[in-house]
Structure formats: structure tokens, C-alpha cells
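Observations on the three-dimensional arrangement
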Amino acid sequence: MTDPLDGSAPSPGKADAVEASSAGPAAARVRLRWFLLACAVAAGAVLIDQGSKALALAQLSEDDRIPLLGDWLGLQLAFNPGTVMSLGAGATWLLTVIAAAASVALLVAATRARTVGWAVAIGLVWGGAVGNLLDRLFAPPEFGRGHVTDFLAYGNLFIGNLADVILGFGVALGVLLYLRGPHHTRNGQ
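Rules of the game
- Residues numbered from 1 in each chain as written.
- Predicted model: local features only at pLDDT ≥ 70, side-chain atom pairs only at ≥ 80, totals over all residues.
- Heavy atoms only, no water.
- UniProt positions renumbered as here; feature names shortened; annotations may be inferred.
- 1 Å grid on protein atoms, 1.4 Å probe; cavity = no way out; pocket = protein on both sides within 12 Å on 5 of 7 lines; lining within 4 Å.
- Points joined across faces, edges and corners; volume = space filled by probe spheres on them.
- Helix = DSSP H or I, 4+ residues; strand = E, 2+ residues; numbered from the N terminus.
- Nonpolar A, V, L, I, M, F, W, Y, C, P; charged D, E, K, R; others polar.
- Axes fitted to C-alpha atoms, helices over the stretch in contact; angles between N-to-C directions.
- Parallel < 35°, antiparallel > 145°, perpendicular 65-115°, else oblique.
- Left-handed = near helix turned anticlockwise from the far one by under 90°.
- Contact = heavy atoms within 4.5 Å.

The name given to the protein in an unreviewed UniProt entry is Lipoprotein signal peptidase, and the organism recorded there is Tessaracoccus bendigoensis DSM 12906. We quote the UniProt Function (unreviewed entry) comment for the protein here in full: "This protein specifically catalyzes the removal of signal peptides from prolipoproteins." According to UniProt, the comment filed for the protein under the heading Subcellular location (unreviewed entry) is "Cell membrane".

A separate point is the layout of surface pockets. What the second largest pocket holds in volume is close to 520 Å³. Taken together, 26 residues make up the lining of the second largest pocket; nearest its centre are Thr83, Val84, Asn132, Asp164 and Leu167. Secondary-structure elements contributing two or more residues to the lining of the second largest pocket are α2 (92–111), α3 (116–138), β3 (148–154), β4 (158–160) and α4 (162–179). The residue inventory of the lining of the second largest pocket, partitioned by class, reads 15 nonpolar, 8 polar and 3 charged.

With that settled, the discussion passes to the packing of α2 against α3. The N-to-C vectors of α2 and α3 enclose an angle of 150°; their axes lie 9 Å apart at closest approach. For the element pair α2 / α3, the angle class is roughly antiparallel. Where α2 crosses over α3, the two elements pack in a sense that is left-handed. Between α2 and α3, the residues in contact are Thr92, Leu95, Thr96, Ala99, Ala100, Ser103, Leu106, Leu107, Ala109 and Ala110 and Ile122, Val125, Trp126, Ala129, Val130, Leu133, Arg136 and Leu137, respectively. Its residues placed into classes, the contact of α2 with α3 shows 14 nonpolar, 3 polar and 1 charged.

Shown next, in the form of C-alpha cells:
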């Protein structure tokens with residue numbers, strides 16, 4: 001395997017990272033690939049989220065729960081004007097603005113991804129955020145105040161959707177990448 005920047009053998013820990021000080025067309029190509037990877041991951045997440053919500057709308061009911069893992073996990077349709085556990089339900093428009101700003105910030109973050117792992121993590125969070133933003137923009141009751149379609153019932157705690165799950169995986173991956181980042185080396189040095 002060769003280093004994507006100079007064609008030499010990669011040094012330990014450098015296999016998928018570009019140093020911030022790197023310049024030149026090779027570094028730009030690698031960063032473009034990571035940006036495109038983040039875009040592809042985000043687009044895939046949005047498609048999975050929106051497809052699962054369409055299926056939930058067509059097949060599930062607000063009144064009946066289909067158990068998957070006993071009382072722990074089931075399928076039940078719900079419409080959430082707020083965030084987790086309906087927090088902020090009275091300020092759906094504000095949540096829409098925050099989600100739109102976060103989506104733009106994640107687009108910028110995707111242009112700055114330094115590794116494949118970070119590109120995937122950012123893409124997952126971005127895709128989850130955009131999936132729920134689309135509901136807030138276009139779902140009833142009105143533009144910008146739409147209720148998010150949820151269908152994954154976690155016991156009697158709350159009902160979520162795949163955008164939430166995808167976003168959670170992206171955050172978890174980001175935390176893991178941060179914890180094993182350059183300030184935490186394998187040799188403890």
C-alpha cells in the first residue's frame with residue numbers, strides 16, 4: 001500500500017490521514033474523495049431514512065404496536081413535533097432552523113474531513129440530520145413546522161426513527177475517532 005500523497009510506503013498511523021499542512025493536488029484529490037464519501041454516506045442515510053418512513057406510513061398504525069423484541073422494541077407510528085421524548089414540541093419552527101443550520105455546518109465539516117473514518121462519521125450525522133429536517137420542512141401540518149415520522153418504539157420510553165439511529169451511530173463513531181486520534185497514540189507516547 002502506498003501513501004496517497006507521495007506514493008511512498010505509509011508511515012504508521014498515516015494510512016488514511018492527510019496532514020493539515022499538506023498542500024498540492026494530491027492532497028486536494030484525497031480531500032475531495034473524502035468529501036464525496038461523506039456526501040454518499042449522507043445521501044444513503046437520507047434514502048434509508050425516508051424510505052423507511054414511507055413504509056411506516058403505509059404499513060403501521062398509531063394505535064397498534066407490533067412487538068419485535070417483546071416489550072423492549074416494537075413498531076408503532078407516531079408523529080413528533082419536538083425532539084427526543086417530544087422535547088421542544090411547542091417550538092417546531094425553531095427546531096427546523098437549528099436542523100437547517102446544523103445541516104449546513106455538517107456540509108462544511110464534510111469538506112474538512114481528514115480521514116475516511118471522519119468522512120463516514122460526518123456523513124452519518126449529516127444524513128440523519130437531513131432525514132429529520134426533510135420531515136420538518138415538508139411533513140404536515142405545514143412547511144417548516146412538520147412533525148417527524150417515528151416508528152421505532154423503545155419500550156414505553158419513546159418512539160424514534162432510523163435517522164435517529166444513523167445519527168447516533170455517526171456520533172458514536174466520531175467519539176471513538178476522537179478518542180483514538182493523534183493525541184492518543186497506540187504506544188502511549
